[in-house]
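In case you want the letters, here they are:
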Amino acid sequence: MQPMDEVYREYARVVFGFLLTQTRNEDLAEELTQETFFQAIRSSDRFDESCKVSTWLCGIAKNVLLTYKRKHPENEQLDEALASEEFQKSAPSGPSAEHEALDNLGRLELMKRLHALPEPAREVMYLRAFGGLSFSEIGEIHGKSENWARVTFFRAKEKLRKDVER
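Residues numbered from 1 in each chain as written. Predicted model: local features only at pLDDT ≥ 70, side-chain atom pairs only at ≥ 80, totals over all residues. Heavy atoms only, no water.

Chemist: Tell me what's going on with the packing of aromatic side chains, and back it up with residues and numbers.
Modeler: Taken as a whole and judged by the stated rule, the model has 3 aromatic pairs. Measuring from centroid to centroid gives 4.8 Å for Phe-47 and Trp-56, while their planes differ by 45 degrees, and the two rings are tilted. Ring geometry for Phe-135 versus Phe-153: centroids 5.4 Å apart, planes at 65 degrees, classification edge-to-face. On the criterion of sequence distance, the pair formed by Phe-135 in helix H8 (residues 135-142) and Phe-153 in helix H9 (residues 146-165) is long-range, its members being 18 residues apart. Over the ring of Phe-135 we find Arg-128, and its NZ or CZ is 4.1 Å from the ring centre. (Phe/Tyr/Trp six-rings, centres within 6.5 Å; stacked < 30°, edge-to-face > 60°. Helix = DSSP H or I, 4+ residues; strand = E, 2+ residues; numbered from the N terminus. Lys NZ or Arg CZ within 6 Å of the ring centre and 35° of its normal.)

Chemist: I'd like a rundown of the pattern of salt bridges, residues and numbers included.
Modeler: Overall, the coordinates contain 5 salt bridges when judged by the stated rule. For Lys-52, the salt bridge is made with Glu-137, and the minimal N-O distance between the two is 4.0 Å. You can see Lys-52 sitting in the loop between helix H2 (26-42) and helix H3 (53-71) and its partner Glu-137 sitting in helix H8, a full 85 residues away along the chain. Put simply, Glu-119 and Arg-122 hold a salt bridge, and the shortest N to O gap is 3.4 Å. Take Glu-119: its relative accessible area is 44%, and that puts it in the partly exposed class. (Salt bridge = Lys/Arg side-chain N within 4 Å of Asp/Glu carboxyl O. Buried < 20%, exposed > 50% of the residue type's maximum accessible area, 1.4 Å probe, protein only.)

Chemist: Got a sec to walk through the confidence of the model for the protein? Specific residues and values, please.
Modeler: Reading predicted coordinates in detail is not appropriate for stretches of low pLDDT. Scored by pLDDT, the protein has a mean of 77; 78% of the residues are at 70 or more. Mean pLDDT in the protein bottoms out at helix H5 (residues 85-90), which sits at 46, and peaks at H2, which reaches 91. In the model, residues 86-105 has pLDDT below 50 throughout and makes 4 contacts with residues more than four positions away in sequence or in other chains. (pLDDT = per-residue confidence, 0-100. Contact = heavy atoms within 4.5 Å.)

Structure (structure tokens):
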């Protein structure tokens, strides 16, 4: 395996993107990215090159995130409250936010629909669309085949398309 500083430069953006899609919080994603690379350094001797480095790192990131969520269950409730419609309606908005909201209406609606997908479809969509991972890498992260990742992505995409048509 290449030196860890090179691995960090090459894959930090991918890991950060993956964690950002999971947490929707830049500060937390950055913190968890650092923890991911710390854990990767600690376990680099166990990397057997049976998968891509990016897949290995995203697997570590997923475990780091799960550990964080177990240690901080109150954040899960806060995230749900912030995403609620009541909070969204009560959030203050000014003239500049109005313009931005109109520009992002489609994107916001898509993100709401993505967030409403059941697991593992939601995570597959996030990994593919925002993490930039291949279907092979997504399958490896989930311990499934590339074909499983493709089918899961396709079905989720079709569900989103049908929801939009309604």
